[in-house]
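# Descriptive analysis of the structure
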Amino acid sequence: MKFVVINGPNLNLLGLREPKIYGTGTFAALEDFIHRVCAKEGVEVELFQSNHEGAIVDRIQQAYGTADGIIINPAAYTHTSIAILDALKAVALPAVEVHLSDINAREEFRHISYAGMACIKTFAGLGFEGYRQAILYLKEYLQHR
Ligand code: CA2
C-alpha cells in the first residue's frame, strides 16, 4: 500500500513561528513522524511539500496510477483552491485532509475547505497526531473497501 502525503504553503516553516497555533515541532520533525508511523504500519510513503498551487496540482495528478491514497494538508490553499479540489476529484483516489489546527475554531475564512469536499475524512486540531490518524484511517479504508 502506497500513500502520498502532500503539505502546502508555509508548512516548511513549522516550528519557527506561531507555536501556540501550530505547535513547536519543526517540519523536519513532522516528516520524520510521518515516516515512522508509515514504517510501523507497513505503508510505503512519499512526502511532498510545495508553496506553489500548480506544483501541488501536478503532484496530485502524478499520484494517479502510482499511489493508493493521498493525505493532504493544503494549508492556506484549503480555503481558496478549486484547482486542488478539481485535481483530487479528477484522480478519484481516496484522500484524507489534515490540519494541525482546528480550522473551524479559527477565523471564519478558514471554515470553508474546498479540498475537504473531495476527501473521505478530515482530521483537524490534533497537531502531528492528525497525520497518524489519517494514515490509520486511510489504511483501514483501503483494506475494507
Ligand atoms: O492548521 C493547519 O494545518 C493549516 O492548514 C495551516 C495553514 C493555514 O493557512 C490553514 O488555515 C490551517 C498555515 C500553515 C502555515 O504554517 C506556518 C508555519 C510557521 C509559521 C507560520 C505559519
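Our structure is the block above this text.
## Comments concerning the overall build of the protein chain
- Helices and strands together make up the secondary structure of the protein chain, namely five helices and five strands.
- Against the 2.2 N^0.38 benchmark of 15 Å for 145 residues, the protein chain shows a C-alpha radius of gyration of 14 Å, consistent with a compact globule.
- Projected onto its principal axes, the C-alpha positions of the protein chain cover 35 × 35 × 25 Å.
- A fraction of 76% describes how many contacts in the protein chain between residues 6 or more apart in sequence connect residues 24 or more apart.
- As displayed, the protein chain offers around 7300 Å² of accessible surface, 50% of which is attributable to carbon and sulfur atoms.
- Each charge class in the protein chain can be summarised by its mean position, and for the 13 positive and 16 negative side chains these summaries are 4 Å apart.

## Re the pattern of salt bridges
- Inspection of every chain in the model, using the stated rule, returns seven salt bridges.
- Between Lys 2 and Glu 46 there is a salt bridge; the shortest N-O distance is 3.2 Å. Of this pair, Lys 2 sits in strand S1 (residues 2-7) while Glu 46 sits in strand S2 (residues 44-49); the two residues are 44 residues apart in sequence, bridging distant segments of the chain.
- On the accessibility criterion, Glu 46 (34% relative accessible area) is partly exposed.

## Structural notes on the site of the ligand
- In the vicinity of the ligand lie 17 residues, with Asn 73, His 79, Leu 100, Ser 101 and Arg 110 positioned nearest.
- Contact distances for the ligand include 2.7 Å between an oxygen atom and a side-chain N or O atom of His 79.
- Protein chains shield 93% of the accessible area of the ligand, which is 510 Å² for the free molecule.
- In this structure, the ligand is accommodated by the largest pocket.
- Residues that form the shell around the ligand fall into these classes: nine nonpolar, five polar and three charged.

## With respect to helix H3 (residues 53-63)
- Buried within H3 we find Ile 56, Val 57, Arg 59, Ile 60 and Ala 63. The buried residues of H3 occupy an angular sector of 160° when the element is viewed end-on, so they sit on one face.
- Structurally, H3 contributes buried residues whose contacts are with S1, S2, strand S3 (69-73) and helix H4 (82-91).
- Backbone geometry just after H3 places Gly 65 at a positive phi near 85°.

## Side note on the nonpolar core
- One finds Phe 3, Leu 14, Leu 30, Ile 34, Ile 71, Tyr 131 and Ile 135 to be the most contacted residues of the largest nonpolar core, which totals 24 residues.
- Those residues within four positions of Phe 3 in sequence are excluded, and the remaining contacts are Val 43, Glu 44, Val 45, Glu 46, Gly 69, Ile 71, Ile 135, Leu 138, Lys 139 and Leu 142.
- Of all hydrophobic cores here, the second largest spans 20 residues; its members include Val 57, Ile 72, Val 91 and Ala 118.

## Here we look at the packing of aromatic side chains
- Enumeration over the complete set of coordinates arrives at two aromatic pairs.
- Consider the rings of Phe 33 and Phe 128, whose centres lie 5.8 Å apart with planes at 50°: the pair is tilted. One end of the pair, Phe 33, is in helix H2 (residues 27-41); the other, Phe 128, is in the loop between strand S5 (121-124) and helix H5 (129-144), and 95 residues separate them in sequence. The pair formed by Phe 33 and Phe 128 is uniform in burial state, with each residue classed as buried.

## Observations concerning the layout of surface pockets
- If you add up the space inside the largest pocket, you get close to 420 Å³.
- Along the wall of the largest pocket there are 20 residues; nearest its centre are Pro 9, Asn 10, Leu 11, Glu 18 and Tyr 22.
- A class-by-class count of the residues in the lining of the largest pocket yields 10 nonpolar, six polar and four charged.

Reading guide: rules and limits
Residues numbered from 1 in each chain as written. Predicted model: local features only at pLDDT ≥ 70, side-chain atom pairs only at ≥ 80, totals over all residues. Heavy atoms only, no water. Helix = DSSP H or I, 4+ residues; strand = E, 2+ residues; numbered from the N terminus. Rg over C-alpha atoms; globule rule 2.2 N^0.38 Å. Contact = heavy atoms within 4.5 Å. Areas by Shrake-Rupley, 256 points an atom, 1.4 Å probe, with all protein chains shown as cover. Lys, Arg positive; Asp, Glu negative; His and termini not counted. Charge placed at Lys NZ, Arg CZ, Asp CG, Glu CD. Salt bridge = Lys/Arg side-chain N within 4 Å of Asp/Glu carboxyl O. Buried < 20%, exposed > 50% of the residue type's maximum accessible area, 1.4 Å probe, protein only. Near = heavy atom within 4 Å. Polar contact = N/O pair within 3.5 Å; in protein donor to acceptor, adjacent residues only side chain to side chain. 1 Å grid on protein atoms, 1.4 Å probe; cavity = no way out; pocket = protein on both sides within 12 Å on 5 of 7 lines; lining within 4 Å. Sits in = over half its atoms within 2 Å of the grid points. Nonpolar A, V, L, I, M, F, W, Y, C, P; charged D, E, K, R; others polar. Arc of directions from axis to C-beta. Core = buried A, V, L, I, M, F, W, Y, C linked by side-chain atoms within 4.5 Å. Phe/Tyr/Trp six-rings, centres within 6.5 Å; stacked < 30°, edge-to-face > 60°. Points joined across faces, edges and corners; volume = space filled by probe spheres on them.

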